[in-house]
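# Results of the structural survey
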Amino acid sequence: MRNRTGRATRQMTQGETMARAATKSPSRASSATSATKRSTRSTKTAKATADVPSNEALVGYYKQMLVIRRFEEKAGQLYGMGLIGGFCHLYIGQEAVVVGMQAAIGEGDTVVTSYRDHGHMLACGMEARGVMAELTGRIGGYSKGKGGSMHMFSREKNFFGGHGIVGAQVPIGTGLGFRHKYQKTDRVSLTYLGDGAVNQGQVYESFNMAALWKLPVIFIIENNKYGMGTSVQRAAAGPSLAERGHAYGIPGEEVDGMSVLAVKAAGEKAVKHCRAGKGPFILEMKTYRYRGHSMSDPAKYRTKEELNKMRQEHDPIDNLRRVLMEQGVAEDALKKVDREIKDLITDAADFAQQSPEPDPSELWTDILVDA
Amino acid sequence: MTERSLVEAINLALSRAMTEDESVLVLGEDVGVDGGVFRATAGLIDRFGAERVRDTPISEAVIAGVSVGLAAAGFRPVAEIQFMGFSLTVLDQLVNHASRLRNRTQGRLTCPMVLRAPYGGGIHALEHHSESFEALFTHIPGLRVVIPSSPRRAYGLLLAAIRDPDPVVFFEPKRLYRLAREEVADDGEALPLDQCVTLRNGSDLTVVTWGAMCHDTLMAAKTLEDEGIEAEVIDVATLRPLDFATILTSVEKTGRCLIVHEAVMTGGFGGEIAARLAEHALMSLLAPVKRVTAWDTVVPYPRHESHFIPSPARIAAAAREIMEFA
């Protein structure tokens, strides 16, 4: 299963490699980040060299992931109560991806994603209150209750949306990368897409342009195994999504997306590549969503066993919690974190129900500049 | 006979067409194993197999383009786009290819494809999941644009669309998918693709509408009836080509016309009908033609949807204004 170096020696199983390596040998944690499945010349596995984060940093990641988890659980409840309209796509299970990537970037780097976006916003530092109030369509939401679950933005936090059309955010992220390069900064564009989006044409038009112009774009493919109700195997040709940039000369790596440390290490490598002016990078995050595609999806296309196995063996939060305990972080301290987060989310949910609904006159605002 | 909802009628027509004609194929995202996001294609994969009922990747432009290729080669593909809001990338294939194949080849190649998509609001979604931009498609010569408003018409019009030798864009008002049931006989009878349907006779004014707005308009007509105003309600059903003769005959009789649609006003298909009335019915008109539409803004979040989409009250109020004019 695992040799002494902590490196995965068989086909990757999500989270497991990292969890075991981290639990038994924390100091080697970051060397166990790789997904070795289908390694090819162009798709090197992530051999991270980053230092193991401090306990304080680890607690920080734990906290961020748990905020997302609890936020999403609450959003699911509010949706069930009829307080959230439209479609609501929960991020539960995938928390390690955004938290790990956010840990790998810095001030001024930009983020864009599609519609499973609550986790990205929270990871970017956007407030739970504003995100939740947007879900309930209230004036206190990030889009004044006009955007809903899929359409929120924050210039301050460099989050460029929340977009509802599969794959359409990828050219936008490429544009953000263009801006970074044009302005001669060393900033990078984190451009998230799902495994479903990798079959959209504009993704490849983006790959080509980003590679041609050496734009600092990290294309992060969150492969949660299902594009809506269709599994990746039934939708995507080729051996690996990480290799989808091969024809354009874009390096790609598969990453254990259930391990925040593996994600962080891979993210740091990709960021370094981009900041050095070498052009775009692809990271395929092997992850899993516990809930349906949206709240209205009963997810009958997969088995309960598959889901339970992921939750029990590869949960990114449980795994990190175990690491923290191993590292000697007191359980009381973690319980305190749990309580703080519970309060934060309760407050956000209260705010989201108390913030007023926008006035109907808002229908006519922000169409054109003077509207 | 069995009572069926609109979405069940769609399913029935697809089954019928696939049974009758082996060249009919169904393709789209999650249409097979999952049975479609609104269950329109439920069970088809079990009956007709995964060769004929194809789950595609999320690749709308290619779904449309592959359908053009299949259709040019003699198949009758019925492609599903999950929401009209996701159909903008298919416009290139529909406008530049599907609609012009017959003309470019002088009929040596044709494009007997159907592109189905749910459209319109009323399910408390927003933007992409609620929009009505049928006018983008009615602008294109060489495309048929069909919108059913009842289970029976959905069945008959979809069969006609599949059998038609030219490309048909078939928009299904998703709010009506499960709203009402009526008896639908699986008799294989298609409905004409170039005829309006008069839903209600009246002598005071003509209300022209389509899709989910037919229901709100009939509700408004009931209110108006109580006030002594008799509205004639016409469901356009086939927007392109437009059966203008039926509308003209009605307006010549009533002298008044109100057009109701769920799409925003500017550039909407209601403008085309109003323009034709100006050209052909000026001397019959007792009052200006009016339109009740969604406002010229973005589909709002659920709680404001009722302010955005025309309501029976707004339709009735506009009818009264017309009656007060003359």
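Up top you'll find the structure we're talking about.
Here we summarise the structure given alongside this text.

What counts and how
- Residues numbered from 1 in each chain as written.
- Chains lettered and ligands numbered in written order.
- Predicted model: local features only at pLDDT ≥ 70, side-chain atom pairs only at ≥ 80, totals over all residues.
- Heavy atoms only, no water.
- Helix = DSSP H or I, 4+ residues; strand = E, 2+ residues; numbered from the N terminus.
- Rg over C-alpha atoms; globule rule 2.2 N^0.38 Å.
- Buried < 20%, exposed > 50% of the residue type's maximum accessible area, 1.4 Å probe, protein only.
- Contact = heavy atoms within 4.5 Å.
- Areas by Shrake-Rupley, 256 points an atom, 1.4 Å probe, with all protein chains shown as cover.
- Lys, Arg positive; Asp, Glu negative; His and termini not counted.
- Charge placed at Lys NZ, Arg CZ, Asp CG, Glu CD.
- Buried area = accessible area lost by both parts, 1.4 Å probe.
- Salt bridge = Lys/Arg side-chain N within 4 Å of Asp/Glu carboxyl O.
- Axes fitted to C-alpha atoms, helices over the stretch in contact; angles between N-to-C directions.
- Parallel < 35°, antiparallel > 145°, perpendicular 65-115°, else oblique.
- Left-handed = near helix turned anticlockwise from the far one by under 90°.
- Nonpolar A, V, L, I, M, F, W, Y, C, P; charged D, E, K, R; others polar.
- Pairing = 2+ DSSP bridges.
- Right-handed = clockwise from strand over helix to strand, strands pointing away.
- Core = buried A, V, L, I, M, F, W, Y, C linked by side-chain atoms within 4.5 Å.

### Details of the overall build of chain B
Per the secondary structure count, chain B includes 12 helices and 14 strands. Over its C-alpha trace chain B gives a radius of gyration of 19 Å, about what one expects of a compact globule, namely 20 Å for 326 residues. In terms of overall dimensions, chain B has C-alpha extents of about 60 × 40 × 40 Å along its principal axes. The burial tally for chain B puts 60% of its 326 residues in the buried class. Counting only contacts in chain B whose residues sit at least 6 apart along the sequence, the fraction spanning at least 24 positions is 83%. Summing over all exposed atoms, chain B offers an accessible surface of approximately 12100 Å²; the carbon and sulfur share of this is 53%. Charge separation in chain B, taken as the distance between the mean sites of 31 positive and 43 negative side-chain charges, equals 2 Å.

### Details of the interface of chain B and chain A
Counting residues at the interface gives 31 residues for chain B, matched by 38 residues for chain A. Of the roughly 2700 Å² buried at the junction of chain B and chain A (both faces included), carbon and sulfur atoms supply 60%. Among the residues chain B hides against chain A, the three largest losses belong to I58, Y301 and R303 of chain B. Together they make up 28% of the total. Counting across the chain B and chain A interface gives 2 salt bridges.

### What to know about the packing of helix α2 (residues 55-80) of chain A against helix α12 (residues 331-354) of chain A
Residue and element names in this part refer to chain A. Put simply, α2 and α12 touch, their axes get as near as 9 Å, and they point 40° apart. Considering their axes alone, α2 and α12 lie oblique with respect to each other. Between α2 and α12 the crossing geometry is right-handed. Contact with α2, carried on its side by V59, Y62, K63, L66, V67, R70, F71, K74 and L78, involves L334, V337, D338, E340, I341, L344, I345, A349 and Q353 of α12 and no other residues of that element. Looking at the contact of α2 with α12 residue by residue, the class counts come to 12 nonpolar, 1 polar and 5 charged.

### Concerning the pairing of strand β13 (residues 257-264) of chain B
Residue and element names in this part refer to chain B. Taken across its 8 residues, β13 has 7 buried, putting it largely inside the fold. In terms of strand pairing, strand β10 (residues 205-209) meets β13 through 4 bridges, oriented parallel. Counted as the bridge partner of V208 is I259 from β13. Bridge analysis of β13 against strand β14 (residues 290-294) gives 4 bridges, and the strand direction is parallel. Its bridge partner being in β14, L258 is matched across the sheet by K290. With helix α10 (residues 269-280) bridging β13 and the parallel β14, this β-α-β connection has right-handed handedness.

### Observations concerning the pattern of salt bridges
Summed over all chains, the structure comprises 38 salt bridges over all chains. A salt bridge links K286 of chain A to E284 of chain A; its shortest N-O distance comes to 3.4 Å. The exposure class of K286 of chain A is buried, given its relative accessible area of 8%. D216 of chain B serves as the salt-bridge partner of R175 of chain B, at 3.0 Å between the closest nitrogen and oxygen.

### Looking at the nonpolar core
All names here are of chain B. Among the nonpolar cores identified, the biggest contains 110 residues, and L94, F137, F171, V236, I247 and I273 are the most heavily contacted of them. Tallying contributions element by element places helix α1 (residues 6-20) first for this core, with 9 residues. Setting aside chain neighbours within four positions, we find L94 in contact with S99, M113, L115, F137, L143 and V169.

The analysis is restricted to geometry; functional conclusions fall outside its scope.
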